[in-house]
Each structure stands twice: as C-alpha cells, then as structure tokens.
Amino acid sequence: MRTIQEIQKQLIDDFSLLENGNEKFDYLIDLGQSMPELDTKQKSEANLVKGCQSSVWFSIRCKEDKLFIEADSDSLIVKGIAAVLVQLFSGQKANEILATDIGFIEQIGLWRQLSSQRGNGLTAMLTHIRASAEACSEQKSASKLNKVLFLCTGNSCRSQMAEAIINASHSDKWQAFSAGTHPAGYVHPKAIAALQEIGIVHQGLSKSTNEFLGTEFDLVVTVCDSANEECPLWLGKGKRAHYSFPDPALTDDMQAFRNVRDAIALEIPTLLKAFEEKETL
Amino acid sequence: MHKSFKNVKADFPILRVEVNGNPLVYLDNGATTQKPQVVIDAISRYYSSYNSNIHRGNHTLSMQATDAHESARRKVRDFINAASEREIIFTRGTTESINLVAFSFGEAFVQAGDEIITTEMEHHSNFVPWQLLCQRKGAHFKVLPMDQNGELDLAAFKSLLTERTKLVAVTQVSNALGTVNPLEKIITLAHSVGAAVLVDGAQGVQHLAHDVRGMDVDFYAFSGHKMYAPTGIGVLYGKEKWLEQMPPYQSGGEMIEQVTISGTTFNTLPFKFEAGTPNIEGPIGLAAAIDYLAQFDPTELQTYEEDLLDYTMERLGSIPELTIYGNPKNRSSIVSFNVKGIQHYDMGMLLDLSGIAVRTGHHCAQPIMDKFGVPGTVRASLAIYNTYEDMDALIEGILRAKKRLGK
C-alpha cells in the first residue's frame with residue numbers, strides 16, 4: 001500500500017498535467033463516474049455529510065486501525081472530489097489520516113474554487129472523514145488495553161483494592177474491574193482508607209458478577225482465601241488465575257487491611273506481567 | 001428594438017471583468033445586482049468629501065451628511081409614491097424590514113388566537129419571522145398554498161381569511177419561480193376583513209410598478225442591493241396609521257426623545273424605528289441608484305425585461321430534457337430549471353467555467369422545492385443590463401454542460 005504522501009504526490013502530478021480548469025473538471029467528472037454507486041442502505045442520514053450544497057455520503061468502516069471508505073453523491077463533480085479523498089485515505093491508518101496536512105489540496109489548483117463554494121463542501125467532507133478516523137483510532141486504543149476482572153464474594157475489600165491499585169499503577173496496559181458473587185452493597189471504609197494512605201482515591205461500588213457476564217475479559221483473577229472460604233467460579237470468557245489473600249474484614253484491624261493492600265500491590269503486577277509476556281509470545 | 005438598453009452594460013464597470021477566461025455573463029441578479037458607476041461614485045464622494053455622523057453635530061460636514069441622508073429618504077418616498085417621508089424607515093434590507101413588522105406590529109396588534117397568513121412560495125425571510133411571531137403569541141400560522149403552475153390559490157385565500165386575520169404577508173415576485181402575484185386582489189380581499197398586508201418587494205421593486213399608495217399596501221419591504229444600490233440598506237414603507245401605534249423594534253441613539261431614570265419617550269417617525277448610528281452611505285447610494293433608474297421610461301424598461309425573459313424561456317424550452325419550474329401567467333425576471341440527470345450544483349459549476357454566473361440550490365425557499373420534489377434548481381435572473389447575447393451564452397453553456405456530462 002502506498003503512503004498518503006506518495007498518493008498526494010501522484011495526485012499533484014496528475015492534476016498538473018491538465019492544462020486548464022475545464023480539463024481538471026473533466027478529470028474530476030471522470031473520477032466521479034468511475035466510482036461505484038452506494039446502495040440505498042449506505043445512503044443513510046448518518047453517512048450524509050452536513051454542510052454540502054449537494055448530497056454526499058461517505059460509508060466508512062473501521063477495521064483494526066484502518067479506515068475503508070466508499071462514497072457517492074448526486075453531483076458528479078462532488079463525487080469526483082469524494083473519489084480523490086477515497087483514493088487518498090481509504091485503506092490508510094486512522095492516525096496517519098489524522099496526521100495528514102491537507103495543504104497539498106491547494107497545489108492541485110481548482111480546489112480553491114471548489115472549497116469556497118457555499119457550504120464549504122470540501123471542508124465538510126474532510127471533517128466527516130477526520131471524525132471517523134478519530135473514532136476509529138480511539139476504538140483501537142481502547143481495545144489495546146487488557147481487561148482484568150478481580151473477583152471475590154463480597155466485592156467490598158480485596159477485589160476493590162486490587163481494581164484500584166491496578167487502575168492507578170498499570171493504566172497504560174490494563175483496565176481493571178471488580179465484582180463479587182454476593183456483593184456486600186458497600187466498599188469497606190478501611191479498604192478506602194488503606195488505599196488513601198498510598199495516595200489512591202477510590203470510589204468503588206460493590207457490584208455483582210452478573211453485571212460483567214457479557215464483557216470479554218483477558219484475565220479473571222479470584223482473590224479470596226481458598227483455604228477458608230468458598231471461592232466464586234467465573235463462567236465467562238477470559239483466562240483464569242487465583243491468588244489467596246486473607247479476608248481483612250474478619251478482624252476489622254486496620255493493619256490487616258494494610259497487609260492485604262501491600263500483598264496485592266506486590267503480587268498482582270507480577271501476575272499481569274507474566275500474562276503480558278505469554279500473550280506476546 | 002430597445003436600442004437604449006444596448007448600452008446599459010457600459011454603465012456597470014464590473015461587467016467588463018473576465019471570469020475563468022471568459023467575459024462575465026451575470027445572471028444572478030435575484031441574489032444581488034451589480035452597481036453602476038454613478039452609485040460607486042456617490043459612495044466614494046461621500047467618504048472622500050463629507051463623511052460625518054448624522055443628526056448630531058452642528059458642524060458643516062455633519063449637516064451635509066444629514067441633508068444627504070434625509071434627501072435620500074424623500075427620494076425613496078417619491079420613488080414608491082409614499083404619502084410622507086415619515087413612512088420611510090431605513091433598515092439593513094428586506095429581511096430586517098420584515099422582522100421589524102413581525103416584532104412591532106405583532107406586539108401591538110397580535111393576540112393569542114389571532115391569525116397570520118403567509119404563502120407557500122415565500123422566501124424564508126417572509127415565512128420564518130411570521131412563524132416565530134405566531135409561536136410567541138399563540139396565534140395561528142396559516143399558509144396559503146400554490147398550485148403546480150406556481151400560482152397562489154385565490155379561492156383558498158378567501159376561505160382562509162377570517163375576522164381574526166391580522167396580517168397577510170405575501171411576495172410581489174417569487175424569488176425561486178418568478179411568479180408575479182395578483183397583489184391588487186389579495187390586498188382588497190385582506191382589507192375586506194380588516195387585515196393589514198405586507199408585501200415583500202425584494203424581487204419586485206426593480207422590475208415592476210412600486211406605487212404603494214396605488215396598491216394601497218400597508219407595508220412594503222425591499223432591499224437596495226437588488227436594485228443597483230449597495231448592500232446593507234433596505235427600506236420599510238409602512239402606513240403612518242400603523243407605524244404610529246407600533247412600539248420600537250430596537251432602542252438607543254437617534255430613536256429617543258428623552259430619557260430619565262423613570263422612563264424614556266421616543267422620537268417621532270421615522271426615527272422611532274432607527275436605533276443607533278445608521279448606515280449612512282447606504283441611503284446615499286440608494287438615492288444615486290434611484291436617480292440612475294429615473295433616466296429610463298418605466299414602461300419601456302419593463303417591456304424590455306419581459307421580452308428578454310420571453311426569449312430566454314423560449315430558448316430554454318427548446319433544450320431537450322430541460323424542465324422549467326412553475327408556469328405562471330405572469331412571470332418577472334426569474335426562471336428556475338433543471339436538466340434531467342444533471343445535478344443543479346454541477347450545472348452551476350460548469351456554467352461558471354464559461355464565465356456565466358447563476359444561482360443554484362434551494363434559494364431559501366425550501367417549501368417550494370418540496371412542492372416540486374427537487375432538492376434545488378438552477379436559477380437565472382435578469383437585470384436591466386442583460387442582453388440577448390447574454391441569454392444566448394447561457395443556452396450555449398447549458399448545451400456544453402450537457403454534452404460534457406454525456407446527457
């Protein structure tokens with residue numbers, strides 16, 4: 001696949017071969033006529049570019065981090081302009097589309113005429129494509145994060161602390177969640193206090209595992225004391241792991257909360273790292 | 001024939017420019033007209049020899065500027081045959097003139113349950129202000145339909161009128177179709193139930209009769225820039241009996257008589273409706289445009305423009321697959337069309353490459369486009385300086401565009 005820069009250069013060369021405005025328009029019209037029509041489903045309100053004098057639709061798919069663009073218009077000239085944008089951007093990475101300075105358009109000549117039309121059609125089309133590129137690039141970066149779910153019974157102490165600690169220290173690679181099989185309905189105040197001591201402000205809610213059954217996790221970690229309590233079983237998707245931590249709420253001693261907190265901060269990152277390495281193998 | 005109109009083009013310097021390597025053929029006069037040298041000179045003279053604020057200082061320049069401003073008002077009074085200069089209010093244009101009436105007449109005379117009638121063929125500027133007034137007041141907004149010929153349905157109009165109809169707002173000439181409306185009948189019918197009539201003269205004043213007392217119209221609104229004067233100056237004519245009873249539209253500056261902490265009394269007409277420093281060169285340019293038009297016999301001018309339009313219609317009619325929108329008995333200066341398979345925008349762009357300026361789109365009259373089921377049209381609109389050669393150039397341009405797009 002050629003880069004956007006290479007295609008730009010090609011377009012500038014193509015257009016510079018054309019002598020005058022008339023020939024440039026004929027070329028645009030040819031480009032428009034050679035592009036397939038969109039079907040009626042693709043000519044939806046959502047695909048319609050606002051701010052154009054004529055109707056123009058962009059049907060854009062985001063696959064991985066790339067944009068795949070089809071376009072149509074009831075105006076052949078506008079469709080020709082859309083065809084140039086399709087040549088330029090379709091199949092390219094979203095972040096490269098966003099990084100493109102479309103100043104080259106000036107060099108083609110004729111564009112000044114087109115873009116100054118009422119409604120600034122060209123600007124509206126570019127804005128539409130850029131918005132899709134942004135959405136596509138956000139989708140990608142969100143999906144790049146691994147999702148981990150920490151499970152225990154009450155979702156009031158250990159799983160809450162694990163969620164908070166990982167979100168505070170590993171948010172570049174991980175997005176952490178927590179839940180319990182029998183949610184206590186509150187987060188233990190001493191768990192919140194213990195987190196606060198190490199600079200983490202946590203405002204968790206005690207949640208049921210049912211809330212996450214539809215979510216795809218990369219990793220699910222049970223953090224209860226398997227020797228002394230019944231541990232929940234995760235039936236959803238994702239790799240499973242287990243770490244035993246004693247239930248600090250049994251003693252209600254602040255020091256017990258600190259001990260569990262420090263143990264989590266020490267053990268869980270090691271587990272995540274091991275997972276990352278295995279995944280990249 | 002019409003030899004005297006052959007040389008009009010020479011009075012307008014811009015018509016000598018070239019566009020995309022071709023001599024300019026300007027057929028977008030419904031949007032704005034070009035200005036003759038005498039109008040440009042009058043504005044230039046104002047700025048180079050007596051620019052000053054008006055109605056304020058007692059120094060020489062201020063008095064000269066005030067004189068020019070008020071003399072322009074009297075010129076407009078005579079131009080439209082108003083009874084008094086107190087009935088001539090300077091505005092920014094037709095849109096502001098209509099909004100002024102929608103606000104001030106609405107405040108004084110429109111109550112919940114009353115009715116305002118406008119028509120399906122109005123420009124948005126003579127539609128939306130009334131729609132908003134009705135929403136504000138809880139009044140009924142009634143829209144008189146037009147038929148497929150682009151003519152208003154007068155029988156329907158009679159049945160819409162009731163004792164509660166306070167105002168009828170109608171255009172003199174449709175900006176999208178060119179239809180000339182039967183104002184005399186509409187005004188007589190409206191007056192028979194005591195309703196006032198506002199006529200949007202934006203597309204009429206420069207082509208047709210504009211005798212407000214002859215028409216017995218209550219309000220007449222028009223813009224300078226569509227009649228060879230500069231942009232930013234418009235006129236609202238209103239019968240004194242209405243204007244006297246209407247509250248000010250905006251406040252501050254010239255429109256005030258006396259201000260105390262407990263209250264303010266307002267200046268007399270027309271100043272009551274002219275808040276703030278006005279557009280001073282506008283009326284000066286407008287007066288120069290009126291003087292310019294005075295050299296032509298109005299009947300001859302109208303005949304020339306009508307013949308030119310007839311010729312255009314005939315030649316357009318000979319082009320295969322070209323549809324002209326509306327078929328009114330009386331048409332003035334405007335023709336809207338599409339060629340099958342060619343989007344109006346494409347036609348406009350291709351004509352522009354040949355130096356021909358037309359308007360494309362919905363012409364701020366979306367209800368009309370809905371009526372004909374099209375998103376937009378190509379509109380050619382004529383003015384005093386257009387020639388038969390201009391119209392031939394349009395026809396050739398359309399044929400070239402058809403060939404180019406393989407239609």
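Counting of residues starts from 1 at the beginning of each chain's written sequence and follows it residue by residue. Chains carry letters and ligands carry numbers; both start at the beginning, A for chains and 1 for ligands, and go up in the order they are written. The model is predicted, so local features are restricted to residues of pLDDT at least 70 and side-chain atom pairs to those at 80 or more, both for listing and for counting; the totals for chains, interfaces and linings are taken over all residues. Based on all heavy atoms of the structure, the side-chain values leave hydrogens and waters out of the count.

S.K.: I tried to follow the overall build of chain B on my own but got confused; where do I start?
M.R.: Here a helix means four or more residues in a row that DSSP labels H or I, a strand means two or more in a row labelled E, and each is numbered from the N terminus. A tally of regular secondary structure across chain B gives 14 helices and 17 strands. Here the globule rule reads 2.2 Å times residues to the power 0.38, and the radius of gyration is calculated from C-alpha atoms. Relative to the globule expectation of 22 Å for 407 residues, the C-alpha radius of gyration of chain B, 22 Å, shows essentially globular dimensions. Across the 407 residues of chain B, 58% fall into the buried class. Note on contacts: a residue pair is in contact if any heavy atoms of the two residues lie within 4.5 Å. For chain B, contacts bridging at least 24 residues in sequence account for 71% of all contacts bridging at least 6. Taken as a whole, chain B presents about 16200 Å² of accessible surface, with 50% of it coming from carbon and sulfur. Counting 37 positive and 46 negative side-chain charges, chain B places the centres of these two groups 3 Å from one another. The rule is simple: take the accessible area with a 1.4 Å probe, protein chains only, and divide by the maximum for that residue type; under 20% is buried, over 50% is exposed, in between is partly exposed. Only the protein chains shown count as covering a residue, and every accessible area follows the Shrake-Rupley method with a 1.4 Å probe. Neither His nor the chain termini are counted; the positive set is Lys and Arg, and the negative set is Asp and Glu. Charge positions are represented by NZ for Lys, CZ for Arg, CG for Asp and CD for Glu.

S.K.: Got a minute to help me understand the pairing of strand 1 (residues 56-63) of chain A in this structure?
M.R.: Working note: regular strand, side chains alternate between the two faces of the sheet. For two strands to count as paired, DSSP must find a minimum of two bridges between them. Where strand 1 of chain A and strand 2 (residues 66-73) of chain A come together, 8 bridges link them in antiparallel fashion. From the neighbouring strand, Trp57 of chain A faces strand 2 of chain A, where its bridge partner is Asp72 of chain A.

S.K.: Looking at this model, I keep getting lost on the state of the cysteines. Mind explaining?
M.R.: Simply put, disulfide is the name for a covalent bond between the sulfur atoms of two cysteines. Residues and elements named next belong to chain A. Throughout, a disulfide means two cysteine sulfur atoms within 2.5 Å of one another. Within this structure, the stated rule accounts for 1 disulfide over all chains. For Cys62, the disulfide goes to Cys136, at an S-S distance of 2.1 Å. Negative torsions about the S-S bond denote left-handed disulfides, and the value of about 75° found for Cys62 with Cys136 makes this one right-handed. One end of the pair, Cys62, is in strand 1; the other, Cys136, is in helix 7 (residues 121-144), with 74 residues separating them in the sequence.

S.K.: I'm lost on the packing of aromatic side chains in this one. Help?
M.R.: Aromatic ring pairs are defined here through the distance separating the ring centres and the angle between the ring planes. All names here are of chain B. The criterion for an aromatic pair is that two Phe, Tyr or Trp rings (for Trp, the six-membered ring) have centres within 6.5 Å, with stacked assigned to planes under 30 degrees apart, edge-to-face to planes over 60 apart and tilted to the rest. Counted under the stated rule, the structure contains 25 aromatic pairs over all chains. Between Phe12 and Tyr385, the ring centres sit 4.6 Å apart and the planes meet at 65°, which makes this aromatic pair edge-to-face. A residue pair is termed long-range when its members are at least 10 positions apart, and Phe12 in the loop between helix 1 (3-6) and strand 1 (18-19) and Tyr385 in the loop between strand 17 (377-381) and helix 14 (388-404) qualify at 373 residues. Taken individually, Phe12 and Tyr385 each receive the classification buried, so the pair is uniform in this respect. An aromatic cluster is present here, built from Phe5, Phe12, Tyr228, Tyr292, Phe296, Tyr304, Tyr311, Tyr385 and Tyr388 joined pairwise through their rings.

S.K.: Honestly, the packing of helix 3 (residues 76-89) of chain A against helix 12 (residues 344-353) of chain B in this entry has me stumped. Any pointers?
M.R.: The relative placement of two packed helices is expressed as an angle between their axes plus a distance between the axes. As a rule, the C-alpha atoms of each element are fitted with a line to give its axis, helices using only the stretch in contact, and angles between N-to-C directions run from 0 to 180 degrees. With their axes 7 Å apart at the nearest point, helix 3 of chain A and helix 12 of chain B run at an angle of 90° to one another. Viewed along their axes, helix 3 of chain A and helix 12 of chain B adopt a mutual orientation that is roughly perpendicular. Facing helix 3 of chain A, whose interface residues are Leu76, Ile77 and Val78 of chain A, helix 12 of chain B presents Tyr345, Asp346, Met349 and Leu350 of chain B. Classes in brief: Ala, Val, Leu, Ile, Met, Phe, Trp, Tyr, Cys and Pro nonpolar; Asp, Glu, Lys and Arg charged; the others, Gly included, polar. Residue classes in the contact of helix 3 of chain A with helix 12 of chain B are distributed as 6 nonpolar, no polar and 1 charged. In this scheme, roughly parallel covers angles under 35 degrees and roughly antiparallel covers those over 145, while 65 to 115 is roughly perpendicular and the rest are oblique.

S.K.: Where do I start with helix 8 (residues 158-169) of chain A in this structure?
M.R.: Helical periodicity: at 3.6 residues per turn, an α-helix aligns residues three or four positions apart in one direction. Residues and elements named next belong to chain A. Expected helix span is taken as 1.5 Å per residue step, with the number of steps being one fewer than the number of residues. Here helix 8 contains 12 residues, and its C-alpha end-to-end distance of 16 Å stays within 8% of the 16 Å for a straight helix at 1.5 Å per residue. By the criterion of burial, helix 8 is predominantly enclosed, with 9 of the 12 residues buried. The set of residues buried in helix 8 consists of Arg158, Ser159, Gln160, Met161, Ala162, Glu163, Ala164, Ile165 and Ile166.

S.K.: What exactly am I supposed to notice about helix 14 of chain B here?
M.R.: Residues and elements named next belong to chain B. When the terminal C-alpha atoms of helix 14 are compared, their 24 Å separation across 17 residues agrees well with the 24 Å that a helix rising 1.5 Å per residue should span. Among the residues making up helix 14, those that are buried are Asp390, Met391, Ala393, Leu394, Ile395, Gly397, Ile398, Ala401 and Lys402. Looking one or two residues beyond helix 14, the residue adopting positive phi is Gly406, at roughly 65°.

S.K.: What is the right way to read the pattern of salt bridges from this model?
M.R.: Should the charged atoms of two oppositely charged side chains come close, the side chains can pair. The term salt bridge refers to a side-chain nitrogen of Lys or Arg lying within 4 Å of a carboxyl oxygen of Asp or Glu. For the structure on display, the rule yields 30 salt bridges over all chains. Lys9 of chain A is paired through a salt bridge with Asp13 of chain A; the nearest N and O atoms lie 3.2 Å apart. On the criterion of helical spacing, the pair formed by Lys9 of chain A and Asp13 of chain A is a turn pair, its members being 4 residues apart in helix 1 (residues 4-16). Overall, the relative accessible area of 52% leaves Lys9 of chain A in the exposed class. In this structure, Arg73 of chain B engages Glu274 of chain B in a salt bridge whose closest nitrogen and oxygen atoms are separated by 2.8 Å. Of this pair, Arg73 of chain B sits in helix 3 (residues 60-79) while Glu274 of chain B sits in the loop between strand 12 (263-266) and helix 10 (281-294), and the two are 201 residues apart along the sequence. The pair Arg73 of chain B / Glu274 of chain B is uniform in exposure class, with both members buried. The network of salt bridges with common partners includes Glu197, Arg258, Arg261 and Asp262 of chain A.

S.K.: I would appreciate a short explanation of the packing of helix 12 of chain B against helix 14 of chain B in the present structure.
M.R.: Residue and element names in this part refer to chain B. Close contact between helix 12 and helix 14 brings their axes to 9 Å; oriented N to C, the two are set at 115°. Along this stretch, helix 12 crosses helix 14, giving a crossing that reads as right-handed. Between helix 12 and helix 14, the residues in contact are Met347, Leu350, Leu351 and Leu353 and Leu394, Gly397, Ile398, Ala401 and Arg404, respectively. For the contact of helix 12 with helix 14, the residue count by class is 7 nonpolar, 1 polar and 1 charged. For a crossing to be left-handed, the near helix must be turned anticlockwise from the far one by less than a right angle; the clockwise case is right-handed.

S.K.: Looking at this structure, I do not really get the sheet that holds strand 10 (residues 234-238) of chain B. What am I missing?
M.R.: Picture the strands of a sheet paired through backbone hydrogen bonds; they go either parallel or antiparallel. All names here are of chain B. In spatial order, the strands read 4-10-9-8-7-5-6; together these 7 strands make up an open sheet with mixed pairing. Pairing within the sheet leaves two strands with one partner each, and these edge strands are strand 4 (88-91) and strand 6 (140-144). Neighbouring strand axes in the sheet, compared pairwise and without regard to direction, differ in orientation by 20° on average. Strand direction decides the pairing type here: strand 7 (residues 165-171) and strand 8 (residues 196-200), joined by 5 bridges, are parallel. Looking at the pairing, Val168 lines up with Val197 of strand 8. Sitting on the sheet, helix 4 (residues 94-109) is in contact with strand 4, strand 7, strand 8, strand 9 (219-223) and strand 10, with an inclination near 155° to strand 9.

S.K.: Honestly, the nonpolar core in this entry has me stumped. Any pointers?
M.R.: Side chains that are nonpolar tend, in soluble globular proteins, to be buried together. Core analysis: the largest hydrophobic core is formed by 143 residues, its most contacted members being Phe58 of chain A together with Phe157, Ile384 and Ile398 of chain B. At 11 residues, the largest contribution of residues to this core is made by helix 3 of chain A. Excluding residues that lie within four positions of it along the chain, Ile398 of chain B makes contacts with Leu316, Ile319, Leu322, Phe337, Val339, Met347 and Leu351 of chain B. Ranked by size, the runner-up nonpolar core spans 29 residues in total, among them Val148, Met161, Leu195 and Ile268 of chain A. Buried Ala, Val, Leu, Ile, Met, Phe, Trp, Tyr and Cys residues form a nonpolar core when they are joined through side-chain atoms within 4.5 Å.

S.K.: Which parts of the structure should I look at to understand the pairing of strand 6 of chain B?
M.R.: Residue and element names in this part refer to chain B. In this sheet, strand 6 lies alongside strand 5 (residues 115-119) in parallel orientation, the contact comprising 5 bridges. The residue of strand 6 that forms the bridge with Thr118 is Val143. What joins strand 5 to strand 6 is helix 5 (residues 128-137), and the crossover it makes is right-handed. Here the term right-handed applies to a crossover when the path leading from its first strand over the helix to its second strand runs clockwise, the strands being oriented away from the viewer.

S.K.: What is the right way to look at the confidence of the model for chain B in this model?
M.R.: Close inspection of predicted coordinates is inappropriate in any region flagged by low pLDDT. Of all residues in chain B, 99% attain a pLDDT of 70 or more, and the chain-wide mean is 95. The ipTM for the predicted assembly is 0.71, set against a pTM of 0.76. What pLDDT reports is the predictor's confidence in each residue, on a scale of 0 through 100.

S.K.: Any chance you could explain the interface of chain B and chain A here in plain terms?
M.R.: How large an interface is tends to be reported as the accessible area lost when its parts come together. Across the contact, 14 residues belong to chain B and 17 residues belong to chain A. Considering only the side of chain B, the residues that lose the most area to chain A are Tyr345, Met349 and Arg404 of chain B, jointly responsible for 40% of the buried surface there. Here chain B and chain A share 1 salt bridge between them. Notably, a salt bridge pairs Arg404 of chain B with Asp26 of chain A, separated by 2.5 Å at the nearest N-O pair. Polar contact is the term for a pair of N or O atoms within 3.5 Å; when the atoms are in protein, one must be able to donate a hydrogen and the other to accept it, and sequence-neighboring residues count only if both atoms are side-chain atoms. Linking chain B with chain A are 5 residue pairs in polar contact (both at pLDDT 80 or more). In short, buried area is how much 1.4 Å probe accessible area vanishes from two parts on joining, totalled over both.

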